[in-house]
Each structure stands twice: as C-alpha cells, then as structure tokens.
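These are the residues of each chain, in order.
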Amino acid sequence: MAVHTFAAIYIGSYEVSLKIFELASKKKLRGIDYVRRRIELGKDAYSTGSIGYELVEALCDTLSEFTRIMKEYRVDAYEAYAAAVLRDVSNEFFILDQIKLRTGLLVHVLSNSEHRFVSYKSVAMREEFEDMVKTSAAVVDVGGAGLQITLFSKGKVVTTQHLGLGTMRMRQQLARKSINLSQYELQIEEMVEKELEVFKAMYLEEGHIDHLIVIGDYMTELVRRVEKKHDEKTDDVQKFLRYLDKLGKKNLEQISEELGLANENDALIVPYMIICKCMAKGFGANSLWAPGVIVSDGIACDYAERNKIYKPTHDFDEDILSAAKSLSERYMSYSPHIDALTQMSTLIFDTMKKEHGLGKRERLLLCVAAILHDCGKYISFLNSPQCAYDIIMASEIIGLTHMEREIVANTVLYNTHPLASYQEVADKLDHDSYLVVAKLSAILRVSNAMDRSHKQKFKNVKAQLRGKELVITIETAEDIALEKTLFDAKTAYFESVFSIKPVIKEKRVYY
C-alpha cells in the first residue's frame, strides 16, 4: 500500500497555513503537522483594494519557510491555494509573480465556487455528514471575506449562497467608524440577522433545520474551546447559546482569558461569536456540529480524489444535479419536458462518445444545461436565453467551477442563439471550453427540437450511428409534424460541429 506525503498551503485573509498529510488508499486522511502564521492580508485587501509591500514581504518569507518544512518532510506533492484575499486585490498578478520567483511555489487563486466546494469536501467525506443531511441541515463556512450557507433537505442540496459577511471584511468596514465595543457587536449582529432573515424567507420553508454544521478555522476553534470549557459536546444548542450570551457581556481581554486565546486573536473573537450565535438562533437548529476540518483538509481530499488515492463515498455529482433542479424549480421551469430533454441529450451524448471526445464531467454539464435551459422564461419569454445565461452566472451551483458555470450558461445561450465566434467570447472561455460549448449546445439543440411541443410524444427512443448519420428511432402514436420541422432546422448546426447528420426514423404505434 503506497503512502503519499502531501502538503496543503492556504493563504487566507488573516493567516497563512501549511498542513502536511499522509494519504493512503485504505486509511483515513491523517494530518502529521500543522503550521500557521498570522499575516493579516485582509487588513489591506478590504480597506485599500491592494496588499502593501510589508505584507507581501511577510507572505513570501513565510512561504519560503513552508518550502523548507516541505523539504524536511520530503513531500511527494503540494497544492497552494489562495482565496478572496488575493482574488479581490488589484495587484494579484504581481504578488503571485513575487511568490513564484522568491519561493518557487505556484499558487492557484480559487474562485468563490472552487473555494467553497473544496471546504465542503472536507466535511462531506465524514461519516456523520450523511446522517445529518438526511433530514435537514445547513453547512455554514465562515471566512475572512464572506460566509457560505449550503442548505440540505432530505439528503438533497436546496441552495448554496454566498453572503458578504466575512469577519475581516466586517471588521474593516466598521473599524472606519469610531464606535465602542457594544456598538460594534450590535452592528455586526444587525448585519448578520438582516441577511439571514432574507435567506430564510427565500429558502427555508419550514423555518428551522435539524443540524447546523460549522466549518472554517476560527469558527471550529471557537466551538471547540466552548466545548472544552464545558467538557461536553454542543448537542444542546440552547445551552451553547446561553454561554455565548454570557460570554458576550465580557470585554475582549476577559473573553480571551476564558477561552484560552492569544491576545492577537482578540479582534476576530467578536465577529465569530456573533455569527455563530446568529446562525444557531436564526436556523433554530437542534444540534450544532463543528467537525474540526479546515480548508487544508478539503485541499487534501480533493487531491486524493483527483489522483484516485481515495474514492469518495459521498456523491458530489448528485449535489450538483440537486442544486440545478432546485434552481430550475425556483424559476418555475422544472417539468416533464426537462426530464425528457435530459434523457434525450444524454442518449445522444452516449451514442457519440468517439465522435465528440468528451468525458463524464462534460456529460454532467450537459445535464445541468438541460435542467436550466428554460429558467430565463421566468423573467422574459422574448429574451429567455440571455436571461437564463444571467441567472446561471449569478447563481452558486456547488461543485461547479466558475469556468464550468460559463460552459453551462453558454450552452444554454447557444441552444437558441447562433454560436458566437471564438474572438467574441475569448474573454470568458478558453479554446477548449469554447469547443465544449459548441458540442454541448449542438446536442442540446437537436434534443430540444424533438420535444418542442413539450408533450413528450416520443416513446422508446433509440440512437445509433450509421456512417455519417445519427439515426434516432422513435415510437409515437401522435402527430409529430412540428417536431420534424424544427428538427430539420436544427440539424445544420449539429452537422457543422460533428460532420454527422441527425435523422429521425419514425415507427407508428397505436395504443
């Protein structure tokens, strides 16, 4: 059994961390060292929009130290990630260049979708997680730039939403005003409660959940220290809230002393306490679980999965489809037509595997595009494709990267609109992604034309390649003149992409 030594580096808003793992196929993920350095990059990022020279120096020095530690452990591989603290600043590329030149490290700046999915993986791979989401649960991932809420009901993803309520961001916003501690606490609480009430009104029909799952370094640490203080788990949420209320009446020095925190952490104690309290109260959760995982655990899980060291027990693809269906239902477009379109699209995709050269991931993106292709009609029937594009790009679909969301949104757009030239969309799609959009939208067009009436007139649909023709055999007892007419109109685009002509072969049946 091969054992891999892996290093996860994470550049956050208020600290930079290195975690060393041992990865083995038949063993659980095992952390063997964890090093953290306090560098408040968010202090500059969220106040001036760029990171100053002194902080860049401190960051490079810390990463150089991390490379020395990695050599001592003889790591087989590493991943270095940064999130919003670099993504949102004007000098991002210069900082990344300095890091590469001075440390040799290649840092990948995560989109919000990628960041939250990596964090989510760290908790979704825990055994307890499956039991909690069977009823209702909310995963709350709190960071310096914002927080993400992913809501589950009956094992399915309902939605995932990003709220701009990060601890560092709020501290920088409120620090500009001369306010005392009590005003500071009140304003943070008002900000969090306002956003949470809107979220609940839109997505939480029952008004409460069974389980609140909190992830993120400092949120986890806060819950763990409270548990240690009381020598018990936080299954009793009301008892936990009473303790936080009591703790909130003390000053920062007393809070630090009681929880055993270093003074350097003082500035972040209050936002984390208030967010934790507001979430527990607002969601009316019966239990609160802090699994003790951090972003670095998610980075290691993601690496192990991609390199086939671990096979995940949780079905992340099903999360993506569940989130897409929930979004489709929200815009009143989910229907039997969408089920029929999804089946038809995947049938054509599977029949043409050798011809399109796409894989399992692209097949999933095609399913998501089929599910969401009609959501724009909620806003405008006339401009439905563009509205659908805007809805998809504005929505967080957990598990999809930003580029994958672009592929889905453009597939939906060019299901109806003429395909733009590559030069017109080069700012959004790279060359490979553009080809994927062309192929998926061609498949979606033909599939959509076959159920244009939305009446699912076809039965026992089969597809087969015969030379340069894709022969789609259908059984029907109804008049399909409309479908045939529109089908013929859609085949030219399909033929230009694949050099294969789709043909309908009809078998009349009588019921």
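So, here's what we can say about the structure. (Residues numbered from 1 in each chain as written. Predicted model: local features only at pLDDT ≥ 70, side-chain atom pairs only at ≥ 80, totals over all residues. Heavy atoms only, no water.)

### Some words on the overall build of the protein
No. 1: A tally of helices and strands in the protein yields 22 helices and 13 strands.
No. 2: Taken against the 2.2 N^0.38 rule, which gives 24 Å for 511 residues, the C-alpha radius of gyration of the protein at 26 Å falls within 12% of a compact globule.
No. 3: Reported as C-alpha extents along the three principal axes, the dimensions of the protein are approximately 80 × 50 × 50 Å.
No. 4: Evaluated residue by residue, the protein yields a buried proportion of 55% over its 511 residues.
No. 5: Long-range pairs, those at least 24 residues apart, make up 69% of the contacts in the protein between residues at least 6 apart in sequence.
No. 6: Accessible area of the protein: about 23300 Å², with a carbon and sulfur share of 49%. (Helix = DSSP H or I, 4+ residues; strand = E, 2+ residues; numbered from the N terminus. Rg over C-alpha atoms; globule rule 2.2 N^0.38 Å. Buried < 20%, exposed > 50% of the residue type's maximum accessible area, 1.4 Å probe, protein only. Contact = heavy atoms within 4.5 Å. Areas by Shrake-Rupley, 256 points an atom, 1.4 Å probe, with all protein chains shown as cover.)

### A look at the pattern of salt bridges
No. 1: A complete count under the given rule lists 22 salt bridges for this structure.
No. 2: We note a salt bridge from Lys-156 to Glu-318, for which the minimum N-O separation is 3.2 Å. With a gap of 162 residues between them, Lys-156 in strand S8 (residues 156-163) and Glu-318 in helix H14 (residues 316-330) connect regions that are remote in the sequence.
No. 3: When its relative accessible area of 41% is taken as the criterion, Lys-156 is described as partly exposed.
No. 4: The partly exposed category is assigned to Glu-318, whose relative accessible area is 27%. (Salt bridge = Lys/Arg side-chain N within 4 Å of Asp/Glu carboxyl O.)

### Quick look at the nonpolar core
No. 1: One finds Ile-11, Ile-149, Leu-212, Met-279 and Phe-283 to be the most contacted residues of the largest nonpolar core, which totals 82 residues.
No. 2: With twelve residues, helix H12 (residues 266-283) is the single largest residue contributor to this core.
No. 3: Here Ile-11 is in contact with Val-16, Leu-41, Leu-59, Leu-63, Tyr-81, Ala-82, Ala-83, Val-85, Ile-99 and Val-107, once residues within four sequence places are set aside.
No. 4: The next biggest cluster of nonpolar side chains, apart from the first, holds 78 residues, and it includes Val-157, Leu-327, Leu-341 and Leu-429. (Core = buried A, V, L, I, M, F, W, Y, C linked by side-chain atoms within 4.5 Å.)

### Here we look at the environment of Ser-345
No. 1: Structurally, the position occupied by Ser-345 is in helix H15 (residues 336-351).
No. 2: Sequence spacing of Ser-345 and Leu-163 is 182 residues, and the spatial spacing of their C-alpha atoms is 35 Å.
No. 3: Aside from chain neighbours lying at most four places away, what touches Ser-345 is Leu-366, Ala-370, Ile-443, Leu-444 and Ser-447.
No. 4: Separated by 2.8 Å, the side chain of Ser-345 and the backbone oxygen of Leu-341 make a polar contact. (Polar contact = N/O pair within 3.5 Å; in protein donor to acceptor, adjacent residues only side chain to side chain.)

### Regarding the side chain of Thr-411
No. 1: You can see Thr-411 is positioned in helix H19 (residues 402-413).
No. 2: On the accessibility criterion, Thr-411 (0% relative accessible area) is buried.
No. 3: A distance of 2.7 Å separates a polar atom in the side chain of Thr-411 from the backbone oxygen of Ile-407.
No. 4: Those residues in contact with Thr-411, other than ones at most four positions away along the chain, are Ala-369, Val-437, Leu-440, Ser-441 and Leu-444.

### Some thoughts on H14
No. 1: Given a rise of 1.5 Å per residue, 15 residues ought to cover 21 Å, and the 21 Å separating the end C-alpha atoms of H14 matches this to within 8%.
No. 2: Listed in full, the buried residues belonging to H14 are Phe-316, Asp-319, Ile-320, Leu-321, Ser-322, Ala-323, Ala-324, Ser-326, Leu-327 and Ser-328.
No. 3: If you follow the buried residues of H14, they end up packed against helix H5 (112-124), strand S7 (147-153), S8, helix H13 (295-306), H15 and helix H17 (360-372).
No. 4: Its side-chain oxygen placed 3.2 Å from the backbone nitrogen of Asp-317, Asp-315 serves as the N-cap of H14. (Expected span 1.5 Å × (residues − 1).)

### Remarks on empty space enclosed by the protein
No. 1: Under the definition given, this model contains four cavities of 30 Å³ or more.
No. 2: Each pocket or cavity is described by its volume, and for the largest cavity that value is around 250 Å³.
No. 3: As for the largest cavity, its lining consists of 25 residues, of which Tyr-10, Tyr-14, His-115, Gly-143 and Gly-144 are closest to the centre.
No. 4: Elements with a contribution of two residues or more to the lining of the largest cavity: strand S1 (3-11), strand S2 (15-24), helix H3 (84-87), H5 and strand S6 (136-142).
No. 5: Of the residues belonging to the lining of the largest cavity, the class tally is ten nonpolar, ten polar and five charged. (1 Å grid on protein atoms, 1.4 Å probe; cavity = no way out; pocket = protein on both sides within 12 Å on 5 of 7 lines; lining within 4 Å. Points joined across faces, edges and corners; volume = space filled by probe spheres on them. Nonpolar A, V, L, I, M, F, W, Y, C, P; charged D, E, K, R; others polar.)

### A few points about the packing of helix H18 (residues 384-394) against H19
No. 1: Contact geometry for H18 and H19: axes closest at 8 Å, N-to-C directions at 165°. On the basis of their axis angle, the class for H18 and H19 is roughly antiparallel. Relative to H19, H18 is oriented so that their crossing is right-handed. Taken together, the residues of H19 that come into contact with H18 (itself represented by Pro-385, Gln-386, Ala-388, Tyr-389, Ile-392 and Met-393) are His-402, Arg-405, Glu-406, Val-408, Ala-409, Asn-410, Val-412 and Leu-413.
No. 2: Residues of the contact of H18 with H19, tallied by class, amount to nine nonpolar, three polar and two charged. (Axes fitted to C-alpha atoms, helices over the stretch in contact; angles between N-to-C directions. Parallel < 35°, antiparallel > 145°, perpendicular 65-115°, else oblique. Left-handed = near helix turned anticlockwise from the far one by under 90°.)

### Overview of the environment of Leu-321
No. 1: Structurally, the position occupied by Leu-321 is in helix H14.
No. 2: Take Leu-321: its relative accessible area is 18%, and that puts it in the buried class.
No. 3: In this structure the C-alpha to C-alpha distance between Leu-321 and Ala-409, which are 88 residues apart in sequence, comes to 15 Å.
No. 4: Setting aside residues no more than four positions away along its own chain, Leu-321 makes contact with Leu-364, Cys-367, Val-368 and Ile-371.

### What to know about the packing of aromatic side chains
No. 1: All chains considered together, the criterion is met by 13 aromatic pairs.
No. 2: On the numbers, 5.3 Å between centres and 45° between planes, the contact of Phe-199 with Tyr-203 is tilted. Taken together, the residues span about one helical turn, with Phe-199 and Tyr-203 both in helix H8 (residues 181-203) at a distance of four residues.
No. 3: Judged by its relative accessible area of 4%, Phe-199 falls in the buried class.
No. 4: According to the relative accessible area criterion, Tyr-203 is buried, its value standing at 15%.
No. 5: Residues Phe-199 and Phe-283 carry aromatic rings whose centres are separated by 6.1 Å and whose planes lie at 90° to one another, so their mutual orientation is edge-to-face. Taken together, the positions of Phe-199 in helix H8 and Phe-283 in helix H12 put the pair 84 residues apart, joining distant regions of the chain. The residues Phe-199 and Phe-283 share a single accessibility class, namely buried. (Phe/Tyr/Trp six-rings, centres within 6.5 Å; stacked < 30°, edge-to-face > 60°.)

Treat this as a map of the structure, not an account of what it does.
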